[in-house]
Amino acid sequence: MPTSRFQIGDTVMGRWPGSNLYYEVKVLSYDNKTLLYTVIYKDGTELELKESDITSLTIFKQGVARSRSRSRSRSPGRPRRSRSRSPARTSRRSSSRTTDVRKEKLKEVLEVRLTPVSMTHENNSNSKNEKKEENNTANTASTITEEKTETESENQAGGRYNLRRRKDQGDGKTVELEQKTETEVLSQTKPPTAIKTTDLEFGGRVGVFFLMFLLPVAVLASLILCGQKDASLQSFPLELPSLQSLWDWQVFGIVLLWLLFQAVLSLLPVGKLVEGMPLKNGKTLKYRINGFYALLLTAVAVGVGVYQEVDLSYIHAHFLQFYTSALLIVTLLSVYLFVRCRWASEDELAPGGNSGYIIYDFFMGRELNPRIKNFDIKFFCEMRPGLMGWVLINFAMLQAEMKHQNLENPSPAMLLVNIFQLLWVVDGFWHEEKLLTMMDIVYDGFGFMLTFGDLTFVPFTFTCQAYYLVSHPNELSVFWIITLITMNGIGYYIFRKANSQKFTFRKNPSDPAVSHLKTIPTATGKSLIVSGLWGWVRHPNYLGDIIMGLAWSLPCGFNHLIPYFYLIYLFTLLVHRNARDERQCRKKYGSAWEEYCKAVPYRIFPGIY
């Protein structure tokens, strides 16, 4: 059994995740399985750190003192003290050949820009000033052998340093040594080791096993009920539907062509290229933002098809077959994603899908951003085929209603459902760039959970109202029409305003659009908004979603519960997301999150929840 280097109760220096800053922390516990220390910072934040991110107070202070003394000794205003040459040091009066060799060796030295570590926020600002002074004064370089000798001796004393080339400076050459943590040096030669997932969601291995079967069956059951004349739960058929009603190779081919068509549109060189959020290794990925253009081109293609008298009501007649075809593609894609993640590097894995349990990791997804060259599979599936399929299915149901009910024009209820949901989809593609800051992209791996949600749950559950109205027409009075339009408008305003504020604040807290908002600072350097919509409830965007979802379901009337299954699904999903958000925020922000919860006590519904 591995032994811990630090004992419970020890006061040590712990590196803040994602930065070069060290703070005093107290060791609370050590897990022999994950090899992680649970530590607590002075502000009450508890985090799990690797042993390489922790150092003793003595070694840390020695390294800081040594770094500062070197920076002072190398100031241009001080005479440089003579020092003995190392045995391997070459003479300054070297030949051109020696100079060439030296230059070749110099290329092999790893060069990275470093930030001095600090123990507190005050020390951090001081060290930044010292570094600024160093950068303004030191501009020379030493020989390779001298650099290596000094670096190795200082590494043995507990600190890691890195060398950077300087310009010549008159009377000689000097070396600038910048302090570097052990983990930063190692990260230049090998990717950081992914932390094993210990906090399992959805009930752990057993929970996700049942979810993988229950979710597809639940969606299929709701579709069967929506298509029946009597959509009550009591009339649910006890016999399984026939294979012919569930599968058709022609339908499967249509679904494949739809995915291929959307993939081609996503690769068109139109729209801007933007960078996503920084990854664990410090890199950022580029994304082509052209979803709105793809939506317009898709609308043109559908319009041409309608002009050529293509009967879109075919989708309604084979709706179950379209669902099972999409479900098969989801399964095959999930298997491919799980197999390919075996060749992914450790820093490419998602923090929530690395438990070591096959079923759990298959469901949650191990790889964070699976890509085939420049084609990002997760970013593509997140919106393109599912949301555009949602709009296409709704339009097909509108045509099917006119055909089945012998109508010259679609009913007001069907029109409201189509318009409300089209507005939501258009808004999503217009603000496609904001997707890059969402939890699905930043945190979640791409596995069965997201592929099922993107390619089957969204297009076949969010369309249940339109599918229901084909066989269950519902008349709406003028009062109800005005009420529903007002309700959807209020929900949309809350949803869009909240999401826009969140995106703008994350991108630039000093932006005039959000600079007036009151905030609570945290130890991570970020702040939490406690005014405006975000001071009303913790997730106003979720509140807007639920209000819009209610406006989408009410046009179906109150004869059956089945059109409201979508609303139940949505509420359950948002409550779960809320729980995930709060668990991660409490762990990340510590005491600042507790203060935030007191300032904003309600999660989604003001005065209720």
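Bear in mind that the values here come from a model prediction, so they are computed numbers and not experimental data. (Residues numbered from 1 in each chain as written. Predicted model: local features only at pLDDT ≥ 70, side-chain atom pairs only at ≥ 80, totals over all residues. Heavy atoms only, no water.)

**Let's talk about the overall build of the protein**
Then comes step 1: Of regular secondary structure, the protein possesses 22 helices and 13 strands.
Then comes step 2: Sorting the 609 residues of the protein into buried and exposed places 48% on the buried side.
Then comes step 3: Contacts in the protein between residues at least 24 apart in sequence constitute 73% of all its contacts with a sequence separation of at least 6.
Then comes step 4: A total accessible area of about 31,500 Å² is found for the protein, and carbon and sulfur atoms account for 59% of it. (Helix = DSSP H or I, 4+ residues; strand = E, 2+ residues; numbered from the N terminus. Buried < 20%, exposed > 50% of the residue type's maximum accessible area, 1.4 Å probe, protein only. Contact = heavy atoms within 4.5 Å. Areas by Shrake-Rupley, 256 points an atom, 1.4 Å probe, with all protein chains shown as cover.)

**Quick word on unusual backbone geometry**
Then comes step 1: The backbone phi angle of E309 is positive, close to 65°, even though this residue is not glycine.
Then comes step 2: Looking at the secondary structure, you find E309 in the loop between α9 (291-307) and α10 (313-317).
Then comes step 3: Phi at N406 takes a positive value of approximately 55°, unusual for a residue other than glycine.

**Remarks on a nonpolar patch on the surface**
Then comes step 1: A cluster of nonpolar side chains, namely V206, F209, F210, F213, L214, I358 and I359, defines an oily patch on the protein surface of about 710 Å² accessible area.
Then comes step 2: Among the secondary structure elements, those contributing two or more residues to the nonpolar patch are α6 (204-227) and α12 (358-364).
Then comes step 3: No other element matches the five residues that α6 contributes to the nonpolar patch. (Patch = residues over 30% accessible without salt bridge, like charges linked within 9 Å, V, L, I, M, F, W, Y side chains within 5 Å. Salt bridge = Lys/Arg side-chain N within 4 Å of Asp/Glu carboxyl O.)

**A closer look at the pairing of strand β3 (residues 36-41)**
Then comes step 1: The buried fraction of β3 amounts to five of the six residues, a majority that puts the element mostly inside the structure.
Then comes step 2: As paired elements, strand β2 (residues 22-31) and β3 share six bridges and run antiparallel to each other. Its bridge partner being in β3, V27 is matched across the sheet by V39.
Then comes step 3: When β3 meets strand β4 (residues 46-50), the two strands line up antiparallel, connected through five bridges. Bridged to V39 within β4 is L47.
Then comes step 4: Between the antiparallel neighbours β3 and β4 lie four residues, among them G44 with a positive phi of about 95°. (Pairing = 2+ DSSP bridges.)

**Digging into the UniProt feature "transmembrane region" (unreviewed entry) in the protein**
Then comes step 1: If you check UniProt for "transmembrane region" (unreviewed entry), the listed places come out as residues 206-227, 247-268, 289-307, 319-339, 442-470, 476-495, 516-537 and 557-576 in our numbering.
Then comes step 2: Taken end to end, residues 206-227 is 100% helix and 0% strand, and its first and last C-alpha atoms sit 32 Å apart.
Then comes step 3: Here residues 516-537 runs as 18% helix and 27% strand, with 18 Å between its end C-alpha atoms. (UniProt positions renumbered as here; feature names shortened; annotations may be inferred.)

**Examining the environment of S325**
Then comes step 1: Within the fold, S325 resides in helix α11 (residues 319-340).
Then comes step 2: Considered as a pair, S325 and V251 are 74 residues apart in the sequence and their alpha carbons are 7.1 Å apart.
Then comes step 3: Beyond its immediate stretch of four places on either side in the chain, S325 contacts W247, D248, V251, F252 and V255.
Then comes step 4: Within the structure, S325 has its side chain in polar contact with the backbone oxygen of Q321 (distance 2.8 Å). (Polar contact = N/O pair within 3.5 Å; in protein donor to acceptor, adjacent residues only side chain to side chain.)

**Points about the sheet that holds strand β5 (residues 54-55)**
Then comes step 1: Taken in spatial order, the five strands line up as β4-β3-β2-β1-β5 in an open sheet, and their pairing is antiparallel. Edge strands, defined here as strands with exactly one partner in the open sheet, are β4 and β5.
Then comes step 2: For strand β1 (residues 11-15) and β5, the ladder comprises two bridges, and the chain directions are antiparallel. Across the sheet, M13 pairs through a bridge with T55, a residue of β5.

**Concerning the pairing of β1**
Then comes step 1: Among the five residues that make up β1, four are buried, leaving the element largely enclosed by the rest of the structure.
Then comes step 2: Inspection of the sheet shows β1 paired to β2 by five bridges, in the antiparallel sense. Within β2, the position partnered with R15 by the bridge is Y22.

**Digging into the environment of G44**
Then comes step 1: Within the fold, G44 resides in the loop between β3 and β4.
Then comes step 2: Residue class for G44 comes out partly exposed when judged on its relative accessible area of 33%.
Then comes step 3: Linking G44 and V25, residues 19 residues apart in sequence, is a C-alpha distance of 9.7 Å.

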